[in-house]
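Coordinate inspection notes
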Number of protein chains: 4
Amino acid sequence: MVTRRTLAVGLIGYNFMGKAHSNAWRQAPHFFDLSAGVRMKTICGRNRAAVKKAATKLGWENAQTDWRRVINDAKIDIVDICTPNDSHCEIAIAAAQAGKAILCEKPLARNIDEAEKMVRAVKKARVVNMVCHNYRRVPAIVLAKQMIERGEIGDHIFHFRARYAQDWIVDPNFPLVWRLQSDPAGSGALGDIFSHIVDLARYLVGEFREVCGVMETFVKQRPLERNRRVKAKVTVDDAVTMIGRFKNGALASLEATRFAPGRKNSITLEINGSTGSLFFDLEEMNRLKFFSRRDPHDRQGFRDILVTESTHPYISNWWPPGHVIGYEHTFVHTIADFVRAVLEGKSAHPTFADGLQTQRMLSAVSRSAKMGKCIRA
Amino acid sequence: MVTRRTLAVGLIGYNFMGKAHSNAWRQAPHFFDLSAGVRMKTICGRNRAAVKKAATKLGWENAQTDWRRVINDAKIDIVDICTPNDSHCEIAIAAAQAGKAILCEKPLARNIDEAEKMVRAVKKARVVNMVCHNYRRVPAIVLAKQMIERGEIGDHIFHFRARYAQDWIVDPNFPLVWRLQSDPAGSGALGDIFSHIVDLARYLVGEFREVCGVMETFVKQRPLERNRRVKAKVTVDDAVTMIGRFKNGALASLEATRFAPGRKNSITLEINGSTGSLFFDLEEMNRLKFFSRRDPHDRQGFRDILVTESTHPYISNWWPPGHVIGYEHTFVHTIADFVRAVLEGKSAHPTFADGLQTQRMLSAVSRSAKMGKCIRA
Amino acid sequence: MVTRRTLAVGLIGYNFMGKAHSNAWRQAPHFFDLSAGVRMKTICGRNRAAVKKAATKLGWENAQTDWRRVINDAKIDIVDICTPNDSHCEIAIAAAQAGKAILCEKPLARNIDEAEKMVRAVKKARVVNMVCHNYRRVPAIVLAKQMIERGEIGDHIFHFRARYAQDWIVDPNFPLVWRLQSDPAGSGALGDIFSHIVDLARYLVGEFREVCGVMETFVKQRPLERNRRVKAKVTVDDAVTMIGRFKNGALASLEATRFAPGRKNSITLEINGSTGSLFFDLEEMNRLKFFSRRDPHDRQGFRDILVTESTHPYISNWWPPGHVIGYEHTFVHTIADFVRAVLEGKSAHPTFADGLQTQRMLSAVSRSAKMGKCIRA
Amino acid sequence: MVTRRTLAVGLIGYNFMGKAHSNAWRQAPHFFDLSAGVRMKTICGRNRAAVKKAATKLGWENAQTDWRRVINDAKIDIVDICTPNDSHCEIAIAAAQAGKAILCEKPLARNIDEAEKMVRAVKKARVVNMVCHNYRRVPAIVLAKQMIERGEIGDHIFHFRARYAQDWIVDPNFPLVWRLQSDPAGSGALGDIFSHIVDLARYLVGEFREVCGVMETFVKQRPLERNRRVKAKVTVDDAVTMIGRFKNGALASLEATRFAPGRKNSITLEINGSTGSLFFDLEEMNRLKFFSRRDPHDRQGFRDILVTESTHPYISNWWPPGHVIGYEHTFVHTIADFVRAVLEGKSAHPTFADGLQTQRMLSAVSRSAKMGKCIRA
């Protein structure tokens, strides 16, 4: 019997995304044939007590407070970056220089400059790299991609519209957490959630040609976390709206907001093509709605496809038809594909180059909003 | 017993809108207490045989081929204009000069210039005037308006987004009907359907401050109606997208398209405010979805209000709870309100002045799209 | 030009159903090519002032308080019975003897005995007869019927399940109206609403072979209408549930209740066949959901057919695609079909014989509930 | 630091349920504070190669082919039974005699006799016991239970209706797997899926008083698995329908079928009470619909509660609001509660006694169906 390779992983960050990635590293080998073992070697965070606790809870062999030691650990093959946005660049470049395969949470960086450096670093080091836009691996989204590629909604795409809506900061007394400060976060809804729908747009329809943006910060000041009686300026956007065109001629309409009461983590998207339409709603993530003009005329209607058949993307690894999966599974799919990529030595989409392209779009939208005019993407 | 006044009506136009308005004139007295009788005196159209047939079918006393004779008929109190857009201006001005109360189908005119003339004419003549934006009188929309005014979604509105989507010209071989020619129609999706959601936006949220538009004609040439082997240029837009701001600080995102396969006559709109959200979908026009942040936290959810209670707008005139109404009823409500306005001698919203304001918005969106920049509304 | 025949109608009853039927008589000629004129001659009710007012409001030429005078009016061709259930039998028999075509509101009668007499009378008199089960003429239901007949859900039907749910008497202080008294009403939910789904079951699937029923009166006593401080016994059922078998082997599951808070006038039905399923919900009456096992396996899903295409049943008479119709339209369709039947001299479904068959089913369910065992239908 | 206890588990069975339970044993410690360690010691199955492979894949320390050795392993604290129904009884009794805590997949047994023996065994041995009806621990179901207990739908419950629908054996050429044979399975839809909704009914509403059942086997013969050219008799039911009453006076309507094309693993349930209603659909398992008659009258509507708030049952252990969970999570919740029960030394619901009660209901339904009459539950 041939000895199977084992890939050792170091994870930097242990909060929300750290928990989601840890789960994915743990689960992937139990549901997917990875052709390699996964060793959850080190988790890293600045607070020693917290990271130790996280290591135990999340299933890592050991905890570390200095990310450089993770990167310099010769036994580690993969570095998974789940830290706030302001450290992505430095860590990723160091990891590339150390020859590690890199998975980096989105957004890739805070700005184009950082993203370009990161792309240069991974190219120079020729390391496998990927940005974790987990929604690319919702089975219904992958099915949509397949259907578009097979021409099931036609040769021409007319419209792509997407909206990512949340409501967690509607309360003006919600404090000024790091995600609401430009220094660590880079931007607000723009980088955090608008980036996801830009990524989906690029994945499903292609590159943008032209964009017009309007952005807003509805609540200008918020209480500090550490002292709620003091308010300070919110330095990021609360909402982004954008219209524009894709290179293939389709119109785009995108919106991301944290100010939509009742929308918790809602991504809706609709694509209209010359022979049909697709509709997706993340709050019903196991479904894809498909209208086909090729159905007999008086039997046409949006078909509500429950994407849980074994022939649907990723599903054969999970449960029988009708037994739905959830949010965390998108990370398991991402990790499974990433591991395969690492073994094959070629990057999985979306790569850092994709992340840079998305960053350029975010920057274009932001500049357009400031200038009040449409600009080339 | 006091003799009740009877209002005599002359309707110009006998096609789709003529049929819808005729039905409303017939039905209103049977379901609403109008305080006046309605006499469906004259219907008018250029094709004698067709208009005579329409008169019989639609319930008019007599048919006429010259609209000037309708306007000069001293017995007629109300002129209802359902012709293609290029004749609205001339007919309305003549009707105003003849002292008639005027109901005019939307869009009020083909451009600002026409609309301004019409407003001046009705002001000068002091005649009751109204634009028929029937969707203002969907009970669920009126309920939404009431809820917004009562502060049920809060003091601040963050987002208004609306989309009017159809699919009737997706087929590139669909012929070049009048609605696809700029001369009679003025514009395409812009005036025909985008105008409706602009009107709803103004009704529900208020005036716009700034708009950015992107417009497109996907199918550039189409077969002529009279000779399908010859193609000619499509001179109007197929789709309009717009983002911008309202004067009250809310962000706007609007879209109208005739290129969304599977969307037949779909208006969806969502409004997010500081304490709640409202969602409406014309394809489920008897419903209004309402999310309230004032509900107990773990009992919150979009409430699916079936707007068929006797306490809901207009409903007591129709059927018991759960017995839904349809598209045509919105015209009956419009006529009922218009008749009341005529009796009271004051215009009902949306007035010609509203129509002009909407026209200004359409024009602004169109100019913005041409210039590639955001402009004041 | 040939003189077109005109059919004169006498309507007995002027409340809820009287209003719905009057509307249908008024509207049918404006939307359907009836091949005959309709003259709304007489409306009849016991309260002179009320019926006179109704005549004006609903569009009848004159009002009458004695139904026998309507029936003896030689000018009247059609008698339309909208009275409470306890007078259906007497009026219908008299009308038959007078040679009138008869449309009778459901349920046909209070019991089998009455229904049998009525069937004998119309057979003997050879008059056109029809029971007004308006839901048979919801376009989506007719489409479902067509699809079943064309084998679109397969050769074998496995399940038919329907539920008619309302909530108007959940409040125990709601008074003892006539519909809650066995003498005028015959039964409660059973005759009033369960009869509708029995009729739909027979229309869509066929005859029943065997039924088991369970019935309940949740609120045993209610205040009198005329003196709310006095309570009296509720002598009809509040809810009926039934399971059983059709002659074709399908299983049946039916339920009718007036005790389902939030369900206002909800009929849901689902039919499962060997190659597909159909689902309908009256609260979304312009839609039919269709699942086909013949669609490609990983593109299967319930298709949400918006039944508003001109090729769909009845729709070409109304509005363009996506412009929905409502509750009252089902009566217009019924009247249009009935007028055609009268002209052709043959009864339209459901006939009085159908009404009797439904009555037999209601009786069987009621007996089964009392005996606690399944019985032949 | 106090040494935390560790519970060692032996799992019998490694197919569908084995996979689901294994996942739950692996995941529970990472998401829940269990107050004990979990050691996944042994997995057991008859096919040595297959069980060894399963051990590796599913995360068990070792594999075993003789279940008696698991039970006799003194190091094992918990026996988890995921075998076909015909071995539940023997294994559970042996496990009880060995003093193990026992988790047994549903249905508890093939018949009342077996179930009674099992209950006696666990009572005698005083071991912690639980039947794995995982749907009791869907957060939305637990929320429904809480709401009912707090009187949010009122003091009286009028209706409970549930349907469990699948479609995996609609094709008559689907082979005669063990679940379609009475010897190993005991029954068909009855024990496999109807048992789940009986369990939910008992959990949410209480005990049944009276039941009437109708059962059917639509496809009487099926090809053998090992030789598809030979057909043999199907000895279990394909579908079960039932109506009846609960002890508290509510009416019941339940149905389970494997013959509903398009329904993959659909459980819908609705409960109507004197002040409100609840609706749940497993295909949208993160949602609970709630209608309250206590809402202001013209703001009433089914509230679509997205059960993903940290204050909702189990959710704080998972992800932020709007990040949905899936099928497998219900098993994790079950295991977490079971572990807590084991540590506290008292059984968690549903206990074996509950399983027996459900078995009695299944038996009553089955007998009622055979006798054609309603019987005491």
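On a predicted model such as this, the values are computed, not experimentally measured, just so you know.

Attention shifts here to the overall build of chain A. The secondary structure content of chain A amounts to 10 helices and 17 strands. Since a compact globule built from 377 residues should have a radius of gyration of about 21 Å, the 21 Å found for chain A is in line with a globular shape. Dimensions of chain A along its principal axes, counting C-alpha atoms only, are 65 × 60 × 40 Å. The buried share of chain A, reckoned over its 377 residues, is 63%.

Mapped onto the elements, V170 of chain B comes out in the loop between strand 7 (157–165) and helix 7 (182–185). Judged by the 26 C-beta atoms lying within 10 Å of it, V170 of chain B falls in the buried class. Considered as a pair, V170 of chain B and H21 of chain B are 149 residues apart in the sequence and their alpha carbons are 28 Å apart. In contact with V170 of chain B, not counting residues within four places along its chain, are S274 of chain A together with F259 and P261 of chain B.

Residue and element names in this part refer to chain A. Between helix 5 (residues 112–125) and helix 10 (residues 352–371), the least distance of the axes is 9 Å, while the angle of their chain directions is 165°. Put simply, helix 5 runs roughly antiparallel to helix 10. Considering only the axes of helix 5 and helix 10, their crossing is left-handed. Facing I112, A115, E116, M118, V119 and V122 of helix 5, the residues of helix 10 in contact are F352, A353, G355, L356, Q359, R360 and S363. Partitioning the contact of helix 5 with helix 10 into residue classes produces 8 nonpolar, 3 polar and 2 charged.

Superposing chain B onto chain A takes a rotation of 180° plus a shift of 0.0 Å along the axis, which leaves an RMSD of 0.0 Å. Look at the turn and shift together and you get a two-fold axis relating the two. Rotation axis and chain B: the residue whose C-alpha lies nearest the axis is K373 of chain B, separated from it by 1.9 Å. The fraction of interface residues of chain B whose copies in chain A are also interface residues reaches 100%, indicating that both copies meet through the same surface.

Residues and elements named next belong to chain B. Counting buried positions along strand 8 (residues 208–216) yields 7 of 9 residues, so the element is predominantly enclosed. Direction of pairing for strand 8 relative to strand 11 (residues 239–246): antiparallel, over a ladder of 8 bridges. Of the residues in strand 11, the one forming a bridge with V211 is G244. Across 2 bridges, the pairing between strand 8 and strand 17 (residues 375–376) is antiparallel. Across the sheet, V211 pairs through a bridge with I375, a residue of strand 17.

Every contact between the two is made by 32 residues of chain C and, on the other side, 33 residues of chain D. Only strand 7 (157–165), strand 8 (208–216), strand 11 (239–246), strand 12 (251–257) and strand 14 (276–281) of chain C provide two or more residues apiece to the side of chain C that touches chain D. Ranked by residue count, the leading element in the side of chain C that touches chain D is strand 11 of chain C, at 6 residues. When the residues that make up the side of chain C that touches chain D are grouped by side-chain class, the tally is 15 nonpolar, 11 polar and 6 charged.

This part is about the interface of chain B and chain A. Buried accessible area, meaning the area lost when the parts come together, often serves as the stated size of an interface. Each partner contributes to the interface: chain B provides 32 residues, whereas chain A provides 32 residues. Counting residues per element, the ones that place at least two in the side of chain B that touches chain A are strand 7, strand 8, strand 11, strand 12 (251–257) and strand 14 (276–281) of chain B. The element best represented in the side of chain B that touches chain A is strand 11 of chain B, accounting for 6 residues. Grouping the constituent residues of the side of chain B that touches chain A by class yields 15 nonpolar, 11 polar and 6 charged.

Turning our attention to the sheet that holds strand 4 (residues 78–81) of chain A. Residue and element names in this part refer to chain A. Pairing is parallel in the open sheet, where 6 strands are placed in the order 3-2-1-4-5-6. A strand with exactly one partner marks an edge of an open sheet, and here the two such strands are strand 3 (62–64) and strand 6 (129–132). Each adjacent strand pair in this sheet contributes to an overall mean axis angle of 25°, direction not counted. Strand direction decides the pairing type here: strand 4 and strand 5 (residues 101–105), joined by 4 bridges, are parallel. The partner of V79 across the bridge, within strand 5, is I102.

The next point concerns the domain arrangement of chain A. All names here are of chain A. What the domain assignment lists for chain A is domain 1 (6–135) and domain 2 (136–325 + 351–376). Centre-to-centre separation of domain 1 and domain 2, based on C-alpha positions: 25 Å. Facing 23 residues of domain 1, the contacting portion of domain 2 comprises 26 residues. The class makeup of the residues in the side of domain 1 that touches domain 2 is 14 nonpolar, 5 polar and 4 charged.

This part takes up unusual backbone geometry. Residues and elements named next belong to chain B. Here the residue pair H349 and P350 is connected by a cis peptide bond, since its omega of -5° sits within 30 degrees of zero. When you line up the elements, P350 lands in the loop between helix 9 (329–344) and helix 10 (352–371). Positive phi outside glycine occurs at Y314, with the angle close to 70°. Structurally, the position occupied by Y314 is in the loop between strand 16 (302–306) and helix 9.

Residues and elements named next belong to chain D. In space, the 6 strands of this open sheet follow the order 3-2-1-4-5-6, with parallel pairing throughout. The open sheet has two edge strands with one neighbour each: strand 3 (62–64) and strand 6 (129–132). On average, each strand axis in the sheet is inclined to that of its neighbour by 25°, with strand direction left out of account. Pairing of strand 1 (residues 6–12) with strand 2 (residues 37–44), which is carried by 7 bridges, proceeds in the parallel orientation. Residue pairing across strands places I12 opposite C44, the latter belonging to strand 2.

By secondary structure assignment, the location of V236 of chain D is in the loop between strand 10 (231–233) and strand 11 (239–246). Apart from residues lying up to four places away in sequence, V236 of chain D is in contact with L180, Q181, S182, A185, S187 and G188 of chain D.

Right, let's talk about the packing of helix 6 (residues 139–149) of chain C against helix 8 (residues 189–204) of chain C for a bit. Residue and element names in this part refer to chain C. One way to put it is that helix 6 packs onto helix 8 with a least axis distance of 10 Å and a crossing angle of 30°. Residue-level contacts link I141, A144, K145 and I148 of helix 6 to L200, Y203 and L204 of helix 8. Taken together, the residues of the contact of helix 6 with helix 8 break down into 6 nonpolar, no polar and 1 charged.

Moving on to helix 8 of chain C. All names here are of chain C. The terminal C-alpha atoms of helix 8, which comprises 16 residues, lie 21 Å apart, in line with the 22 Å expected from a rise of 1.5 Å per residue. In the structure, helix 8 departs most strongly from a straight axis at S195, where the bend amounts to approximately 40°. Most of helix 8 sits inside the fold, with 15 of its 16 residues counted as buried. Positive phi shows up at G206, right after helix 8, with a value of about 125°.

Conventions used here
Residues numbered from 1 in each chain as written. Chains lettered and ligands numbered in written order. Predicted model: local features only at pLDDT ≥ 70, side-chain atom pairs only at ≥ 80, totals over all residues. Helix = DSSP H or I, 4+ residues; strand = E, 2+ residues; numbered from the N terminus. Rg over C-alpha atoms; globule rule 2.2 N^0.38 Å. Buried ≥ 20, exposed ≤ 12 C-beta atoms within 10 Å, placed from the backbone. Contact = placed C-beta atoms within 7 Å. Axes fitted to C-alpha atoms, helices over the stretch in contact; angles between N-to-C directions. Parallel < 35°, antiparallel > 145°, perpendicular 65-115°, else oblique. Left-handed = near helix turned anticlockwise from the far one by under 90°. Nonpolar A, V, L, I, M, F, W, Y, C, P; charged D, E, K, R; others polar. Least-squares fit on C-alpha atoms with pLDDT ≥ 70 in both. Pairing = 2+ DSSP bridges. Domains from an automatic or database assignment. Expected span 1.5 Å × (residues − 1). Bend = angle between axes of the 7 residues up to and from the residue.

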